[in-house]
Each structure stands twice: as structure tokens, then as C-alpha cells.
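Letter by letter, the chains look like this.
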Amino acid sequence: MELTDAVAVGMARSGDADAFGVLVERHGRSLFRLAYRMTGNQQDAEDVVQESFLRAFKQLHRFDERASFGTWLYRIAANCSLDLVRARKRRGVQAAPECADAEREPLAQTLPATGPDPERMALSGEVRDRLAEAMNELSPTERTAFVLRHFEGMCMREVSRVLECQPGAAKHSVFRAVQKLRRALEPAASPAK
Amino acid sequence: MNHLSEEQLILHYYGEEDDSPAASRHLEECEACREFYASLQRVLNVVDALPAPDPGPEYGARVWRKIERQLPARRRRPSPAAFPWRWALAATAFAGLLAAAFLAGRFDPQPGAKATVSAAAADPQTGERVLLVAVGDYLERSQMVLIELANANPKGKLDISSERERAGDLAVESRLYRQTAAHTGDTAVAGVLEELDRVLLDIAHGPAEVSPAELEHLRQRMESQGILFKIRVLGANVRQQETL
């Protein structure tokens, strides 16, 4: 029998920290994926997840019970990630690319077969680096909007709620992100002639 | 022919545009837009493959272990361990309540509760311990009644007269524990006991035979309140105190 988010939030609000633990265990993994897509770095993502839950706990009294706890949590995590990415940009630091070979394989599988496997692997590594660079070139808002729309499957209206902006503005952030990514990746993604 | 804009194609890719059938028709007829759309799909498919490491199913529990101690103290569950004197007071108050109930002739406690009275009255420390045992036992018995009903899967009417009787007895006991918790300011504990009391009373005052639909209704109610989870957490806390 599963405790719903709403009940756990209610219990946590009345001082039951263990109930908040249920929420952390339930949402931790998806929050990590979001944070990783946003920051591009595993250590940063873990920091964002922890910071997000701590912020959420401190702000529980502000949570509107009619809303979805998951969306509210995503908003906090997106803002934590934005803070981190902005701070990184201010300091002129780029996210360190994490290029484990095991992680490159899925990308190679999406590319058209243009030659023997070693060549495909090399190409996938190159494209992967280009993709990481292109993601880093997005503004923090564009990156957030794109990650929420593309990877998390949120509709534009939900994205706008997370970003606390008008749906039109969220839409334009996604457009700009896709346009930048297309310009950076199209040559590599084009089928071999 | 007006071509579709890049924005329209992006919205079409995400299934967000208002005139999806019109865009689909246009794509069927216009080779230039089709090519552009195919290129957009290829790029976004590449983006899809951006790897994100999976931290594993235990990740949430690991995060919780890391942050648990960093939570502000004022927001922690009021734990009996943090206020042992409160449970000593509670034991005394509880003994007083039971004594008053006896004198008023309104309460015929379970044999276990009778033992609680004499032990608690004799020595506050012993009383505290006995009280914890009694509360832990009460929660366990309540949990068993609810689990039996939650797990029942009858084809037709189900005789729950035994559960009904036990729920009635437990509801009588519950009142005293609830008053004790309220007396010591344990609002969280009092809240859970109050919720449990309401469920037990509904079972006790309900029919001796229930249909599968009525049972499902009860199950949904327990699920929406998360009552079993709350009892389990409270019971675990009480048991922990018993062993200290």
C-alpha cells in the first residue's frame, strides 16, 4: 500500500521527517536525471539533488497542496541547477565532459552506419563532445526549457510553470535551444551521401 | 505554397501545435518541408542519446541518509527520545487517566491495560516502559486488523464480525492513548491515533458482513489516508524507545 505524495507532504509538514524521507526516496532518481541533464556533470547533479531536497523541506509550508509535488520539486531542482550553471558561467567554467566509453555507445547506435565499427565509435565520440559543447552554449533558461520539454516530456505550459514565465516565453526558449542544437549538430547527424 | 516555419515544425515534433492535421498534410505534400523536418528529427534523435547515468534504485535512500541530519531540528518529528521526561509524565498522566476511568466505572480495560495501571502507578520509570509496550502492542493489534481487511479478497459477502469486535475493543483503548499524547503535546502522534480511531470506529459500527465493494471502499479510504504506513512508522518509533 503506497503512501501518496499528498499524504507524505501533510505528514512532513506536521513535523514528520520520516515522511519526507519517503518523498526523497521516491523522487531522488528522477531528480538526479534532470539535474544531470541540466548541469552535464555527475557531481554537480548530486549536489543539486541534495540542495533541492533541503530547500524543498525548508519551503514545505509554501507548497500549495492542490499542485503536484513532483512539479514543485522539479521547479526547485531546475532553479538550483540554474543557479549552479549561472554561477559556473560567471566564473567562466564549463561543465567537465564525462566521456566514459560505455556512455558513448548509445549515441553511436543512433547514427547512420557510415563505415566499420571503430569509425562509428570515433564519430560518436566526436558528436557526443559536440553535443556537450552545444548544450553548454545554451543560455541557462534555454537549457532548462529544453531539458524539461525534450527529456522530461513536460508540455510548454508545464515548462512555463517551472520557469515561472509566460508559455510564449517558454516556447521561445525551447525554439532557440533547438535552433542552436540543430546548427551545431546537423552536419554530424546528416546521413552520409 | 507557404512552407511551415521552423517553430511550427518544432511544435509538430513535440506534438504541441494546434493544427497538427494541417501540418501533417502539408508535410505529406511538401518535399522541402519534409526534408527539413527529417533533418530536425535526426538532430533531436542524436540529442536523445545524450547519456545520463542511472544512479540506481537505491539512490533516493542514499540521498535521504545524507541529508537526514542536515534537516532543521525544529522540523524533525517530535521524538519521545528527545523528550524522555515527557514520556515519564505521560506514564503518570496515563495512569491517572486509567484510574479516573476505573473510578468513574466507565472503562473496562484489557488485561494488558490493567497491568499497565498497577505498574505505572508503582514507579514512573517502569510506568514509562510499560506504557510504551502497551502502545506498541496496541498499534500492532490495530495494524493486524487493518491488514486482514486490506488483504481480504472475497468472492461474495465477507464475515468480519471478529475484526469488528476487535476494532471496537481497540477503539476504546485508543481514546486513552490519544488523550495521553494530546496531554504531552505530541500532536503528530495524537493526530495519527485520532485517524486510526475513526477507522476503527467505522469498522466497529459497520455491518458484520461486507460486500467486495464495501471492502474496496474501506481499502481505498485506508490507502488515501496512508493509515497503515503511519501506524507502521509510529509503531517502529515506539518499539525503538522500548529497547533504549
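Quick notes on the rules
- Counting starts from 1 at the beginning of each chain's written sequence and moves along it residue by residue.
- Chain A is the first chain written and ligand 1 is the first ligand written, with later ones labelled in order.
- The predicted nature of this model means local features are confined to residues of pLDDT at least 70 and side-chain atom pairs, given and counted, to a pLDDT of 80 or more, with totals for whole chains, interfaces and linings taken over all residues.
- Counting from the N terminus, the helices are DSSP H or I runs at least four residues long and the strands are E runs at least two residues long.
- For the exposure call, what matters is how many other C-beta atoms sit within 10 Å of a residue's own: 20 or more marks it buried, 12 or fewer exposed, and in between partly exposed, using C-beta atoms placed from the backbone.
- Two residues qualify as a contact pair if the distance between their C-beta atoms, derived from the backbone, is within 7 Å.
- Residue type decides the class: Asp, Glu, Lys and Arg count as charged, Ala, Val, Leu, Ile, Met, Phe, Trp, Tyr, Cys and Pro as nonpolar, and the leftover types, Gly among them, as polar.
- When buried Ala, Val, Leu, Ile, Met, Phe, Trp, Tyr and Cys residues are joined through C-beta atoms within 7 Å, the set is termed a nonpolar core.
- Note on geometry: axes are C-alpha line fits, over the in-contact stretch for helices, and angles between N-to-C directions span 0 to 180 degrees.
- In a left-handed crossing the near helix is turned counterclockwise from the far helix by less than a right angle, and in a right-handed crossing that turn is clockwise.
- pLDDT is a per-residue confidence score from the predictor, ranging from 0 to 100.

(A) Representation of the overall build of chain A within the structure. Counting its secondary structure elements, chain A contains 9 helices and 0 strands. Its helices and strands in sequence order give chain A the pattern α-α-α-α-α-α-α-α-α, from N to C terminus. Taking all 193 residues of chain A together, the buried fraction comes to 40%. Put simply, of all contacts in chain A between residues at least 6 apart along the chain, 61% involve residues at least 24 apart.

(B) Region of interest: the overall build of chain B. Within chain B one finds 11 helices and 2 strands. Along chain B, from the amino end to the carboxyl end, the secondary structure elements read α-α-α-α-α-α-α-β-α-α-β-α-α. For chain B, contacts bridging at least 24 residues in sequence account for 70% of all contacts bridging at least 6.

(C) Local environment of the interface of chain B and chain A. Taken residue by residue, the interface counts 44 residues in chain B and 47 residues in chain A. If you list the elements that add at least two residues to the side of chain B that touches chain A, you get helix H1 (6-13), helix H3 (31-48), helix H4 (59-67), helix H9 (187-205), helix H10 (212-225) and helix H11 (227-243) of chain B. Grouping the constituent residues of the side of chain B that touches chain A by class yields 25 nonpolar, 8 polar and 11 charged.

(D) Summary view of the nonpolar core. Residues A:Ala8, A:Ala35, A:Val49, A:Leu73, A:Ala77, A:Ala145 and A:Val174 are the most contacted members of the largest nonpolar core, which totals 95 residues. Those residues in contact with A:Val174 that lie beyond four places of it in its chain are A:Ala145, A:Phe146, A:Arg149, A:Met156 and B:Ile10.

(E) Fine view of the packing of helix H1 (residues 5-13) of chain A against helix H2 (residues 17-39) of chain A. Residue and element names in this part refer to chain A. Where H1 meets H2, the closest approach of the two axes is 7 Å, and the angle between their N-to-C directions is 145°. The handedness of the crossing between H1 and H2 comes out as left-handed. On the side of H1, the interface is formed by Asp5, Ala8, Met11 and Ala12, while H2 contributes Ala17, Ala19, Phe20, Val22 and Leu23. For the contact of H1 with H2, the class distribution of residues is 8 nonpolar, no polar and 1 charged.

(F) Seen up close, the confidence of the model for chain A. Residue and element names in this part refer to chain A. In this model, chain A carries a mean pLDDT of 80, and residues with pLDDT of at least 70 account for 79%. Looking over chain A, one finds the lowest element-wise mean pLDDT in helix H5 (residues 101-110), namely 35, and the highest in helix H3 (residues 42-58), namely 93. Across residues 99-123, where pLDDT falls below 50, the model places 34 contacts with residues more than four positions away in sequence or in other chains.

(G) Expanded view of the environment of A:Ser52. Residue and element names in this part refer to chain A. Examined against the element boundaries, Ser52 turns out to sit in helix H3. Classification of Ser52 as buried rests on a count of 28 C-beta atoms within 10 Å. Residues Ser52 and Ile76, spaced 24 residues apart in sequence, show a C-alpha to C-alpha distance of 5.8 Å. Once residues lying within four places of it in the same chain are set aside, the contact partners of Ser52 are Leu31, Leu73, Ile76, Ala77 and Cys80.

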